[in-house]
Amino acid sequence: MKHFLDLADWTAADLQFLLDAARALKEQHKREGNPPLLAGKALGMIFQKPSLRTRVSFEMAMQHVGGHALYLSPQEIGLGKRESIADIARVLGRYVDAIMARTFEHEHILELARWSPVPVINGLTDYNHPCQAMADLLTIYEEFGRLEGLHLAYVGDSNNVANSLLMGAAQFGMKMSIGSPVGYQPKPAVLEKARQLSRGRLQVTVTDDPVAAVTGADVIYTDTWTSMGQETEAEQRRAIFPPYQVNSALLKHAAEHAIVLHCLPAHRGEEITDEVADGPQSRLFPQAENRLHAQKAILVYLLAGREVLEDLTEKKGSKKDKKK
Ligand code: CP
Ligand code: NVA
């Protein structure tokens, strides 16, 4: 059973294929709408934490291809509390064709996948956020026309989003620099996993100097200083992180053509200023939109098969060729 739990589980070629498929689906959606590739299929969505983008983009992605999505709130499911994860997976998997879940513990999504008779998609855990990273890579790919060799600088808390970006950078041979305070830098095991995954292609630097991290970068990325589930640490983090704010002064150290990304929700005035979030280098909203397109490609791949997407990307390829 193929799941979408971690960018490290897929080959770089398959991830590139998904990005190309996402572009084709996006173009088709905007031009004429997508055909009902997932007609009659249902996605069960388990949420242990709040969400705007993940919930709505998955729901709309299913709708665009003729499928249905079912939202299951934390109150309803009580993952591992009201019922064991193994039982939930085995029951829900008999009603729906795929499960998307947002959990606290990463082990919980792995447990769901272990027992589920249908594909499981990771909609964020405390460890990672692979669907977000796919939308981010799609945004960067659209902007620069390539990923390999680009310099991605992540500034702030080395959290779940940073972990998935590291795996993405490793898969695509990007250069990644991370500027985080000591104590909030990526775990050595995560860095090691990324290095191994890249087969020596990933150049990664970790520093507590935000200026050093962004110098010459093509992409600057930040996220909240306090992730969901860490609310009791918010005050302490607010005292530590201000030097890591992405503001106009920091942006000056990046390449002139640099773009700024943030997975959102943003805490404006904390990790990012309004000036940057709403400025000419910001791609925050196209990035949020790309959740829809990237996830649609993942859903069609897992539920209808790669061939369906091959047809779509080939059509796109031949059109491009004709233009040349
Ligand atoms: N970026 C992201 O996952 O947003 P939500 O928490 O609103 O889903
Ligand atoms: N790091 C953030 C991402 C939200 C999409 C969190 O986990 O809350």
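To be clear, the structure that these remarks concern was listed above.
Residues numbered from 1 in each chain as written. Chains lettered and ligands numbered in written order. Predicted model: local features only at pLDDT ≥ 70, side-chain atom pairs only at ≥ 80, totals over all residues. Heavy atoms only, no water.

*Asks:* Residue-level account of the nonpolar core, with values.
*Replies:* Counting residues in hydrophobic clusters, the biggest one holds 70 residues, and the most contacted among them are Phe-4 and Met-134. No other element matches helix α13 (residues 284-304), which puts nine residues into this core. Leaving out residues up to four positions away in the same chain, Met-134 has contacts with Phe-4, Leu-7, Leu-15, Leu-18, Leu-19, Ala-294 and Ile-298. In terms of nonpolar packing, the next biggest core, distinct from the first, is built from 20 residues, Tyr-184, Ala-254, Ala-258 and Val-276 among them. (Core = buried A, V, L, I, M, F, W, Y, C linked by side-chain atoms within 4.5 Å. Buried < 20%, exposed > 50% of the residue type's maximum accessible area, 1.4 Å probe, protein only. Helix = DSSP H or I, 4+ residues; strand = E, 2+ residues; numbered from the N terminus. Contact = heavy atoms within 4.5 Å.)

*Asks:* Can you break down the pairing of strand β8 (residues 219-222) residue by residue, with the values?
*Replies:* Side chains of β8 alternate between two faces, with Val-219 and Tyr-221 and Ile-220 and Thr-222 buried alike. The pairing of strand β5 (residues 151-155) with β8 spans four bridges and is parallel. Pairing of Val-155 across the sheet is with Thr-222, part of β8. Across four bridges, the pairing between β8 and strand β9 (residues 259-262) is parallel. If you follow Tyr-221 over to β9, its bridge partner there is Leu-261. (Pairing = 2+ DSSP bridges.)

*Asks:* With reference to specific residues and values, describe the site of ligand 1.
*Replies:* Within the structure, ligand 1 sits among Ser-51, Leu-52, Arg-53, Thr-54, Arg-102, His-129, Gln-132, Cys-263, Leu-264 and Arg-291. In the environment of ligand 1, a nitrogen atom lies 2.9 Å from a nitrogen or oxygen atom belonging to the backbone of Cys-263. Considering ligand 1 on its own, with 260 Å² of exposed area, one finds that the protein chains cover 96% of that surface. Among the residues forming the shell around ligand 1, the class breakdown is three nonpolar, four polar and three charged. (Near = heavy atom within 4 Å. Polar contact = N/O pair within 3.5 Å; in protein donor to acceptor, adjacent residues only side chain to side chain. Areas by Shrake-Rupley, 256 points an atom, 1.4 Å probe, with all protein chains shown as cover. Nonpolar A, V, L, I, M, F, W, Y, C, P; charged D, E, K, R; others polar.)

*Asks:* Quick rundown of the site of ligand 2? Include the residues and the values.
*Replies:* The local shell around ligand 2 consists of Leu-124, Asn-159, Asn-160, Asp-223, Thr-224, Ser-227, Met-228 and Leu-264. Here Ser-227 contributes a side-chain N or O atom positioned 2.7 Å from a nitrogen atom of ligand 2. Calculation on ligand 2 without its partners gives an accessible area of 270 Å², and the protein chains cover 94% of this total. In terms of residue class, the shell around ligand 2 is made up of three nonpolar, four polar and one charged.

*Asks:* Can you lay out the sheet that holds strand β4 (residues 120-122) for me, pointing to particular residues and giving the numbers?
*Replies:* One open sheet accounts for four strands, arranged β2-β1-β3-β4; its pairing is parallel. Each edge of the sheet is formed by a strand with only one pairing partner; in this case those strands are β2 (68-72) and β4. Across the sheet, the axes of successive neighbouring strands diverge by a mean angle of 20 degrees, strand direction being ignored. As paired strands, strand β1 (residues 42-47) and strand β3 (residues 98-102) are joined by five bridges and run parallel to one another. Residue pairing for β3: Ile-46 is matched across the bridge by Ala-101. The sheet contacts of helix α2 (residues 53-64) involve β1, β2, β3 and β4, and relative to β1 the element is tilted by about 175 degrees. (Axes fitted to C-alpha atoms, helices over the stretch in contact; angles between N-to-C directions.)

*Asks:* Would you mind going over helix α6 (residues 130-144) in detail, with residue names and values included?
*Replies:* Between the first and last C-alpha of α6 there are 21 Å, a value that for 15 residues agrees with the 21 Å anticipated at 1.5 Å per step. With twelve of 15 residues buried, α6 lies mostly within the body of the structure. Every buried residue belonging to α6 is among Pro-130, Cys-131, Gln-132, Ala-133, Met-134, Ala-135, Asp-136, Leu-137, Leu-138, Thr-139, Ile-140 and Tyr-141, and all of these are buried. (Expected span 1.5 Å × (residues − 1).)

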